[in-house]
Structure formats: C-alpha cells, structure tokens
Amino acid sequence: QVQLVESGGGLVQAGGSLRLSCVASGRTFSLSAMGWFRQAPGKERDFVAAIRTSGGSTYYADSVKGRFAISRDNAKNTVTLQMNSLKPEDTAVYYCAARYNSGSYSRTDEYGYWGQGTQVTVSS
C-alpha cells in the first residue's frame, strides 16, 4: 500500500507557472512509476505526465510537451510537476498516481493508488 499527498495547486494567470508536488509514503520501494493526471469539470480524467522510478524515463501528453516537466527525488519519495506557460485549458484538478505494475503509462486503470487531488486554475 502507498499513500499519496499532493500540494502546490492554486490560481495563476495565463502564461504563469505553478509547481505541484506529490509525497508518497508506505510501501514505496517497489513502485514502478508515478504520474500526474488531471480532470476538468464534466470531463474524464486525462493523462498529463509520468516518470519511471528506476531510470527516470519520462512520458508526457502532447498537450503539455515543452511546457510541463516531471521529476522525482527517490530519497524523498517525491514527484514534482513543474508547469510553465500555463493556459486556461490547463484548469483542472490534478491528481498524483502511483503503480507497482508495468504497462501503459497513460491509462488511469494501470495506476492503483491516487492522491486526493489539488486544484489548478488558470485565468485568462
């Protein structure tokens, strides 16, 4: 079992930046990957970015490539999502997710553990 706690959301103007953090606790040593997803009102939860805990390979949704960066600190069991050049369409609740298994990094059903979410609002 692993527990995830996100922080860092808030309100920012278009073009601004925010940094989200996710701290994992519990059985973290065997996690294979951690990721970020987001869900806007009335929409499905969508993949944003993921990072492998071993090796550090990263994966991004096309909509955030070049603007967002995911990183990890295994010693602190923390994953960070740096979000730059934010757009109003980035407004959503952002969720941290973790998994022990292998498979597609962009599928929500591949992740067994989720945080409570943090709101990101980008004003135009």
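As shown above, the structure is provided for reference.
Summary of the structure given here. Keep in mind that this is a model prediction, so the values were computed, not measured. (Residues numbered from 1 in each chain as written. Predicted model: local features only at pLDDT ≥ 70, side-chain atom pairs only at ≥ 80, totals over all residues. Heavy atoms only, no water.)

## A closer look at the environment of A49
Line of reasoning, step 1. Structurally, A49 is set in strand β5 (residues 45-52).
Line of reasoning, step 2. Using a relative accessible area of 0% as the deciding quantity, one classes A49 as buried.
Line of reasoning, step 3. Discounting chain neighbours no more than four positions away, the residues touching A49 are G35, W36, Y59, Y60, I70 and L81. (Helix = DSSP H or I, 4+ residues; strand = E, 2+ residues; numbered from the N terminus. Buried < 20%, exposed > 50% of the residue type's maximum accessible area, 1.4 Å probe, protein only. Contact = heavy atoms within 4.5 Å.)

## Thoughts on the environment of Y59
Line of reasoning, step 1. With respect to the element layout, Y59 can be found in strand β6 (residues 58-60).
Line of reasoning, step 2. Among the residues examined, Y59 registers a relative accessible area of 28% and is labelled partly exposed.
Line of reasoning, step 3. In sequence terms Y59 and V93 are 34 residues apart; their C-alpha atoms lie 20 Å from each other.
Line of reasoning, step 4. Those residues in contact with Y59, other than ones at most four positions away along the chain, are F47, V48, A49, A50, R52 and Y105.

## Describing the pairing of strand β1 (residues 2-7)
Line of reasoning, step 1. Taking every second residue as pointing to the same face, the buried face of β1 carries V2, L4 and E6, while none of Q3, V5 and S7 on the other face is buried.
Line of reasoning, step 2. Note that β1 and strand β3 (residues 18-26) share 6 bridges and pair antiparallel. Residue pairing for β3: E6 is matched across the bridge by C22. (Pairing = 2+ DSSP bridges.)

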